[in-house]
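Spelled out, the chains give:
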Amino acid sequence: MRCLYREKKHYCGDYLEVDVFPVFEYQRGRSKKRKPTSETMKKLNQRNAERKLIRLLNTNFTKEDIRFDLTYDSEHCPASPEDAQREMQNFLRRVKRYRKRNGLPELKYVAVTEVGSKSGRIHHHIVMSGGVSINELAEIWGRGYTTAKPLQFDEQGLAGIAKYLIKDEPVLSKRWSASRNLEKPTVSERDGRLPQYKVKEWHNSGYDNKAEIEKLYEGYNLSEVKPYYNEINGGYYLTVLMYKKPAPKRSRKRGKE
């Protein structure tokens, strides 16, 4: 069965994620698909959720923004995750009003509600716009302790934070909530540029092809190549992670003596 390889590119701020996968021509007498096990589906759902959140964070947040963690003291401890979710949304509404009063840009956020595995206490993690002092945010919260950290990016952006935020089973129907003003990654597709032998070569020796891959995706440095081989259809699959090259520094010319 003949196939072409498709490149699906996700542009996420300073980061580029490329999925390379086979697209097969229609074939009569389709074989029955093997039903994945519940454990396999669980892992796949977790992986897809992580990737979606990584793209969302990388697209919308910068080093000027923060991660803000909220806990409850004994006086304000909510009775359920649903009650805690309402408390968190009320806090975010108060932050929005504060930002508007002080002429700050509209709030962007991604928030997760968790229940501690050991303590059983409900808490929240929020990636949000910066520009408001930590003390002011703590006062606006007013339900317990808070901690704040500036966002730190590596070669895969905010992948570490994204994986941490959804490391556990969700306690609500959605893994996370987000402001409506978040931008979605820009997506483009292209078929047939990469022949199968080249995909196979990258699959078998990923990072060794760094110079070739960076030449193909001009303007980006290679972070990682994640390969996968499908034994059922004989297809090679790749996820290529890249980050934007820094702008070249201008050389300063010496003045005349």
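If you're wondering where the values come from, they're calculated on a predicted model, not measured in any experiment.

**Student:** Where do I start with the packing of aromatic side chains in this structure?
**Tutor:** Each pair of aromatic rings is reported with the distance of its centres and the angle of its planes. All chains considered together, the criterion is met by six aromatic pairs. For the pair Phe91 and Trp141, a centre-to-centre distance of 5.6 Å together with 90° between the ring planes defines the contact as edge-to-face. Of the two residues, Phe91 sits in helix α2 (residues 81–101) while Trp141 sits in helix α3 (residues 134–141), which places them 50 residues apart along the sequence. For the pair Phe91 and Trp141, one class covers both residues: buried. Pairwise contacts between aromatic rings join Phe68, Tyr72, Phe91 and Trp141 into one cluster. Taking the ring centre of Tyr164 as reference, the NZ or CZ of Lys167 above it sits at 3.8 Å.

**Student:** Is there a simple way to think about the pairing of strand β9 (residues 220–230) in this case?
**Tutor:** The side chains of a regular strand alternate, residue by residue, between the two faces of the sheet. Bridge count between β9 and strand β10 (residues 235–244): 10 bridges; the pairing is antiparallel. For Asn221, the partnering residue across the bridge sits in β10 and is Tyr243. Joining the antiparallel neighbours β9 and β10 is a turn of four residues, in which Gly234 adopts a positive phi near 70°.

**Student:** Could you clarify how one ought to interpret the environment of Glu75 in this entry?
**Tutor:** Structurally, the position occupied by Glu75 is in the loop between β3 (66–70) and α2. Exposure remark for Glu75: the relative accessible area of 68% places this residue in the exposed category.

**Student:** So what exactly am I meant to see when it comes to the sheet that holds strand β6 (residues 146–150) here?
**Tutor:** The strands making up a sheet associate through hydrogen bonds between their backbones, and the pairing can be parallel or antiparallel. Pairing is antiparallel across the open sheet formed by five strands, whose spatial order is β6-β3-β5-β4-β7. Of all the strands in the sheet, just β6 and β7 (177–178) have a single pairing partner and so form its edges. For β3 and strand β5 (residues 122–128), the ladder comprises five bridges, and the chain directions are antiparallel. Residue Phe68 lies in a different strand from β5, and its bridge partner there is Ile126. Most of the contacts of α3 go to β3, to which it runs at about 35°, and overall it touches β3, β5 and β6.

**Student:** Before we go on, may I ask you to explain the environment of Leu137 in this structure?
**Tutor:** In this fold, Leu137 is placed in helix α3. Taking the C-alpha atoms as reference, Leu137 lies 9.2 Å from Phe91; in sequence the two are 46 residues apart. Beyond its immediate stretch of four places on either side in the chain, Leu137 contacts Ile66, Phe68, Phe91, Val95, Met128 and Val132.

**Student:** Whenever I open this one, the pattern of salt bridges confuses me. Can you help?
**Tutor:** Where side chains of opposite charge bring their charged atoms close, a pairing between them can arise. If you walk through the whole model with that rule in mind, you get 17 salt bridges. Residue Glu189 pairs with Lys8 through a salt bridge whose shortest N-O separation is 4.0 Å. In this pair, Glu189 is assigned in strand β8 (residues 186–191) and Lys8 in strand β1 (residues 3–12), connecting sequence segments 181 residues apart. With its nearest N and O atoms 2.5 Å apart, the salt bridge here joins Arg51 to Asp19. Here Asp19 lies in strand β2 (residues 15–24) and Arg51 lies in helix α1 (residues 38–60), a separation of 32 residues in the sequence. With respect to class, Arg51 is no different from Asp19; both count as buried. One network of salt bridges, in which partners are shared, links Arg6, Lys8, Glu189 and Asp191.

Rules used throughout
Residues numbered from 1 in each chain as written. Predicted model: local features only at pLDDT ≥ 70, side-chain atom pairs only at ≥ 80, totals over all residues. Heavy atoms only, no water. Phe/Tyr/Trp six-rings, centres within 6.5 Å; stacked < 30°, edge-to-face > 60°. Helix = DSSP H or I, 4+ residues; strand = E, 2+ residues; numbered from the N terminus. Buried < 20%, exposed > 50% of the residue type's maximum accessible area, 1.4 Å probe, protein only. Lys NZ or Arg CZ within 6 Å of the ring centre and 35° of its normal. Pairing = 2+ DSSP bridges. Contact = heavy atoms within 4.5 Å. Axes fitted to C-alpha atoms, helices over the stretch in contact; angles between N-to-C directions. Salt bridge = Lys/Arg side-chain N within 4 Å of Asp/Glu carboxyl O.

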